Each structure stands twice: as structure tokens, then as C-alpha cells.
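Take a look at the letters that make up each chain.
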Amino acid sequence: MNGNRWWLALAIGLCAPALTACLDNDRSGDTATGGDPDVDAADVAGPEDTPTGESRVDFTLPDLDGEEQAFNQWDDDLVVLNFWATWCPPCKKEMPLFQETWEEYRDEDFNIVAVAVDEQSATEQFVATYGIEFPILIGQDEAMQIQTEYGNRIGALPYTVVIDRDGTVRETHRGEVTENDLNGWLEQYL
């Protein structure tokens, strides 16, 4: 296996039980547990893990062109920061909603920044196939560390963070983002 693939295989093998949010979420249970009634939400996330009310974490990751992008360039925007992967079914399902919402609100100091915890080639193919135009950054180990700093200690995907125009974390969300979730955040923070 090449250097990137061994990491992905290891992460999937070791973290598969913890990636409960990367399942189709039927919304019948707690969203933090991916809807699984057998998983206690307290085991997935505790109040100490959710950085709501704290300042955003600054980071720099490359975009699809390999150019380093500093997250602070989106200061003064309402930002939906999404950690995802091309192999994650709920991640795939929420991307068209993100694209549609970004198109509708991008001129209103709103942005979606998606951090692919994935390989460059798979991410490029996904973005081309689905016509994604909002900012996409790439990271593997670095992205996992960043999402941990944003409160996702188990590495569940997808994982979404809502950051207001003042740089304050307002919401964190494990699992698929629905239209109701996104509309609620826009109504409250835009």
C-alpha cells in the first residue's frame, strides 16, 4: 500500500466501531450516535468535548490545487465547517444540500468550507462528479487533529461546526446535516 492508503486502512480498521455517525442516520435516535439506540450519547460526546462558545481553531490546509489556505480568510463570514470523506455515505448525501445552500447564500457573508479526510484523487473525482464549488481543503492526519480540536474526539464523519462572524463556535453536529439543521443555523446566525 502507498503511504496514504495504509493510513486510511488503519484508521478504518481501528476506528470503525467509533465511526457510528458514518451510517445512514434514520433520525430515530440521538444524532450524536448516528440514530443507534444501542449507543449511549454520553459515550460519544460529553459537554467537555463540545467547544460551543469558544473561539474558532485556526489552521492551514491545502486546497485541491495544492495551495495552502488559512482558515482565517473566512473571518467575518458565517462558516459551516464540514469534515467528510468520499467513502462515507451520509457525507455524500449531505454534499448536494451544501452546494445548493452555498449557491443561495454565498453573497450574504456565508461560506461552507469542507475538509476532506481523504486522498487527493478521490476528493478531486468526487468534487468534479457532484459539481461542488465551495471551498474544499484536504487533510488526513492534520484534518483528524483539527476536528479533534473542534470537539470530535472519536473522529466520527461527517462532523460539522458552525462558526459565527465573530469567530465563535456556535454549533457542533455529528452525523448527516439535514435541510432542517442547515436552515435552523442560517435562521439563527446569518
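Please read these numbers as outputs of a predicted model, since none were measured by experiment.

Bringing the overall build of the protein into the picture now. When you go through the protein residue by residue, the secondary structure sums to 6 helices and 7 strands. The helix and strand sequence of the protein, counted from the amino end, reads α-α-β-β-β-α-β-α-β-α-β-β-α. Per-residue burial for the protein yields a buried fraction of 51% across its 190 residues. If you take every contact in the protein between residues at least 6 apart in sequence, the share linking residues at least 24 apart comes to 65%. Accessible surface, the protein: about 9100 Å² in total, of which carbon and sulfur atoms supply 44%.

Take the pairing of strand β5 (residues 136-139) next. Successive side chains on a regular strand alternate, one facing one side of the sheet and the next facing the other. Of the two faces of β5, the one lined by Ile136 and Ile138 and the one lined by Leu137 and Gly139 are each fully buried. As judged from the 4 bridges shared by strand β4 (residues 110-117) and β5, these two strands associate in the parallel manner. When the sheet's bridge partners are listed, valine 115 is paired in β5 with leucine 137. On the question of chirality, the crossover connecting β4 to the parallel β5 by way of helix α4 (residues 120-130) is right-handed.

Take helix α6 (residues 179-189) next. Within α6, the full set of buried residues consists of Asp181, Leu182, Trp185, Leu186 and Tyr189. Within α6, the buried residues cover an arc of 130° as seen down the axis, which keeps them to one side. Structural note: α6 exposes Asn180, Glu187 and Gln188 on the side pointing more than 90 degrees away from its buried face. Where α6 is buried, its residues meet β3 (78-84), α3 (89-105), β4, β6 (159-163) and β7 (169-174).

With 5 of 5 residues buried, β6 lies mostly within the body of the structure. With burial as the criterion, each face of β6 is covered, one bearing Tyr159, Val161 and Ile163 and the other bearing Thr160 and Val162. As paired elements, β6 and β7 share 5 bridges and run antiparallel to each other. Within the sheet, the bridge partner assigned to valine 161 lies in β7 and is threonine 172.

The next subject is the sheet that holds β4. In spatial order, the strands read β5-β4-β3-β6-β7; together these 5 strands make up an open sheet with mixed pairing. Each edge of the open sheet carries a strand with a single partner, namely β5 and β7. Shown here is a sheet whose adjacent strand axes are inclined to one another by a mean of 15°, direction ignored. Sitting on the sheet, α4 is in contact with β3, β4 and β5, with an inclination near 160° to β5. Strands in contact with α6 are β3, β4, β6 and β7; relative to β7, the strand with the most contacts, it is inclined by about 175°.

Criteria and thresholds
- Residues numbered from 1 in each chain as written.
- Predicted model: local features only at pLDDT ≥ 70, side-chain atom pairs only at ≥ 80, totals over all residues.
- Heavy atoms only, no water.
- Helix = DSSP H or I, 4+ residues; strand = E, 2+ residues; numbered from the N terminus.
- Buried < 20%, exposed > 50% of the residue type's maximum accessible area, 1.4 Å probe, protein only.
- Contact = heavy atoms within 4.5 Å.
- Areas by Shrake-Rupley, 256 points an atom, 1.4 Å probe, with all protein chains shown as cover.
- Pairing = 2+ DSSP bridges.
- Right-handed = clockwise from strand over helix to strand, strands pointing away.
- Arc of directions from axis to C-beta.
- Axes fitted to C-alpha atoms, helices over the stretch in contact; angles between N-to-C directions.

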